[in-house]
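For reference, the chains in residue letters:
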Amino acid sequence: MDTPPWYVLGAGALGGLWAARLARGGVAVHLLVRDPAAYADGLVLEDAAGTQRLALPAERIDAAGAPIARLLLTVKAHQTRAAFAAVAPRLAPGAVIVLLQNGMGAADALVADGPAHAPLLATTTLGAWRRAPAHVVHAGDGPTWLGPGPRAASAAQRAAALDGLRASGFTVDWDDAIEARLWDKLAVNAAINPLTALLDCRNGALAEHAEGRALVSALCAETNAAFTALGRPATALAERVLAVAAATGGNVSSMCADVRAGRPTEIDFITGHLVARTAALGLELPRHRLLLEMIRLKTALAAPVDA
Ligand code: KPL
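Residues numbered from 1 in each chain as written. Predicted model: local features only at pLDDT ≥ 70, side-chain atom pairs only at ≥ 80, totals over all residues. Heavy atoms only, no water.

- You'll find the protein chain entered in an unreviewed UniProt entry as 2-dehydropantoate 2-reductase, with Plasticicumulans lactativorans given as the organism.
- On record in UniProt, under Sequence similarities (unreviewed entry), the comment for the protein chain is "Belongs to the ketopantoate reductase family."
- In UniProt, the protein chain has this text filed under Catalytic activity (unreviewed entry): "(R)-pantoate + NADP(+) = 2-dehydropantoate + NADPH + H(+)". (UniProt positions renumbered as here; feature names shortened; annotations may be inferred.)

## Here's the deal with the site of the ligand
- Around the ligand sit Asn102, Lys185, Asn189, Ile192, Asn193, Asn203, Val244, Asn251, Ser253 and Ser254, and that is every residue in its neighbourhood.
- The separation between an oxygen atom of the ligand and a polar side-chain atom of asparagine 102 is 3.0 Å.
- Asparagine 193 places a side-chain nitrogen or oxygen 3.1 Å from an oxygen atom of the ligand.
- Protein chains shield 84% of the accessible area of the ligand, which is 280 Å² for the free molecule. (Near = heavy atom within 4 Å. Polar contact = N/O pair within 3.5 Å; in protein donor to acceptor, adjacent residues only side chain to side chain. Areas by Shrake-Rupley, 256 points an atom, 1.4 Å probe, with all protein chains shown as cover.)

## What about the pairing of strand E10 (residues 135–140)?
- Most of E10 sits inside the fold, with 5 of its 6 residues counted as buried.
- For strand E3 (residues 43–47) and E10, the ladder comprises 3 bridges, and the chain directions are parallel. Bridging across to E10, glutamate 46 finds its partner in valine 137.
- The hairpin formed by strand E9 (residues 127–132) and E10 contains 2 residues between the paired strands. (Buried < 20%, exposed > 50% of the residue type's maximum accessible area, 1.4 Å probe, protein only. Helix = DSSP H or I, 4+ residues; strand = E, 2+ residues; numbered from the N terminus. Pairing = 2+ DSSP bridges.)

## Thoughts on the pattern of salt bridges
- A complete count under the given rule lists 14 salt bridges for this structure.
- In this structure, the salt-bridge partner of lysine 76 is aspartate 258, at a minimum N-O distance of 2.8 Å. Note that lysine 76 is positioned in the loop between strand E6 (68–73) and helix H2 (80–87) and aspartate 258 in helix H9 (residues 254–260), a separation of 182 residues in sequence.
- Between aspartate 176 and arginine 158 there is a salt bridge, with the nearest N and O atoms lying 3.8 Å from each other. With aspartate 176 in the loop between strand E12 (172–174) and helix H5 (178–199) and arginine 158 in helix H4 (residues 155–166), this pair connects stretches of sequence that are 18 residues apart. (Salt bridge = Lys/Arg side-chain N within 4 Å of Asp/Glu carboxyl O.)

## Let's talk about the environment of arginine 151
- Assignment of secondary structure puts arginine 151 in the loop between strand E11 (144–147) and H4.
- Residue arginine 151 is classed as partly exposed on the basis of its relative accessible area, which comes to 28%.
- Distance from arginine 151 to valine 111, taken between C-alpha atoms, is 7.1 Å for residues 40 residues apart in sequence.
- Excluding residues that lie within four positions of it along the chain, arginine 151 makes contacts with Val111, Gly114, Pro115, Ala116, His117 and Ala118. (Contact = heavy atoms within 4.5 Å.)

## Observations regarding the sheet that holds strand E5 (residues 58–60)
- Strand order in the open sheet formed by 8 strands is E5-E2-E1-E6-E7-E8-E11-E12, and the pairing between neighbours is mixed. What marks the edges here is a single partner per strand, and that holds for E5 and E12. Pairwise comparison of adjacent strand axes, ignoring direction, gives a mean angle of 25° for this sheet.
- Direction of pairing for strand E1 (residues 6–9) relative to E6: parallel, over a ladder of 4 bridges. (Axes fitted to C-alpha atoms, helices over the stretch in contact; angles between N-to-C directions.)

## Details of the packing of aromatic side chains
- Within this structure, the stated rule accounts for 2 aromatic pairs.
- With centroids separated by 5.0 Å and ring planes inclined at 70°, the aromatic side chains of tryptophan 18 and phenylalanine 170 adopt a geometry described as edge-to-face. Taken together, the residues tryptophan 18 in helix H1 (residues 13–24) and phenylalanine 170 in the loop between H4 and E12 connect sequence positions 152 residues apart. Each member of the pair, tryptophan 18 as well as phenylalanine 170, is classed as buried.
- When the ring of tryptophan 183 is compared with that of phenylalanine 227, the centres are 5.7 Å apart and the planes differ by 80°; the resulting orientation is edge-to-face. Of the two residues, tryptophan 183 is situated in helix H5 and phenylalanine 227 in helix H7 (residues 210–229); the sequence distance between them amounts to 44 residues. Both residues of the pair, tryptophan 183 and phenylalanine 227, count as buried.
- Between the NZ or CZ atom of arginine 21 and the centre of the ring of phenylalanine 170, over which it lies, the distance is 4.0 Å. (Phe/Tyr/Trp six-rings, centres within 6.5 Å; stacked < 30°, edge-to-face > 60°. Lys NZ or Arg CZ within 6 Å of the ring centre and 35° of its normal.)

## Quick notes on H1
- Helix length check: H1, at 12 residues, gives a terminal C-alpha distance of 16 Å against a target of 16 Å (1.5 Å per residue), a fit within 8%.
- Counting buried residues along H1, 9 of its 12 residues qualify, which places the element largely inside the surrounding structure.
- Taken residue by residue, H1 has Gly15, Gly16, Leu17, Trp18, Ala19, Ala20, Arg21, Leu22 and Ala23 as its buried positions.
- Remark: glycine 26 follows H1 within two positions and exhibits a positive phi of approximately 90°. (Expected span 1.5 Å × (residues − 1).)

Written out as structure tokens, the structure is:
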């Protein structure tokens, strides 16, 4: 039986990397993007093996077309609901849907809105950036995990997702405890992303200065209190965050990049999710809440003002 094509929704750095690697692995891949013309010549993948151009069809997100049986959704958390609504009419019954993004909560909204779709959740340690809109650089290797989403997927959907994504040649494993991985990633992003966005600095700056280390420690103490309230294990989080900040020292965090470009950020699905889930238990996180409000204001200040 022919394997159905993968549709990659959102060809940012990671979406582009997955699309290119799946295509190189011999899988039929379609890009679902806002501006297909930008991909008229396909996607360029730059990695240790060299630079390769891969011809991939690109369609508009809301284009009518063949039913979609495999969807890898890599748009940002705050874009998920609208992007998913645009492709939902094309989804085949029992479609395999994988959400790969920073933050938490987007899948809940999608399931609450949607018919019987059962998106799986994914998180990755792969690194990528874009040299140009259709030119992806594979910058870091590491495993990707898939796990259950808010609505139970069938065994066949899980197997199709795992096998399908492994055709990329990347390491992809199943983890029933994907939520724990997503919380751990969120905890790191909740410290690095808003601070670097507000301070307009690279990740490494937080680890290089005593003031940065103190801020990170104070935020991580709040996160650990939140984790305890949520019944999750507290960890040596500040050390981990500072290690990530140092290891990605030259990087501009995704939130800093969004703020610099005047784009909306993922703050509501990172800090906002943490603050809301904890507030529901009666615990306030004043430092995280302040950062949440400052990033929201920063985005509002960047938005065009109606005359
Ligand atoms: O995930 C990241 C992001 O920028 O969103 C970190 C870990 C902070 C690396 O830049």
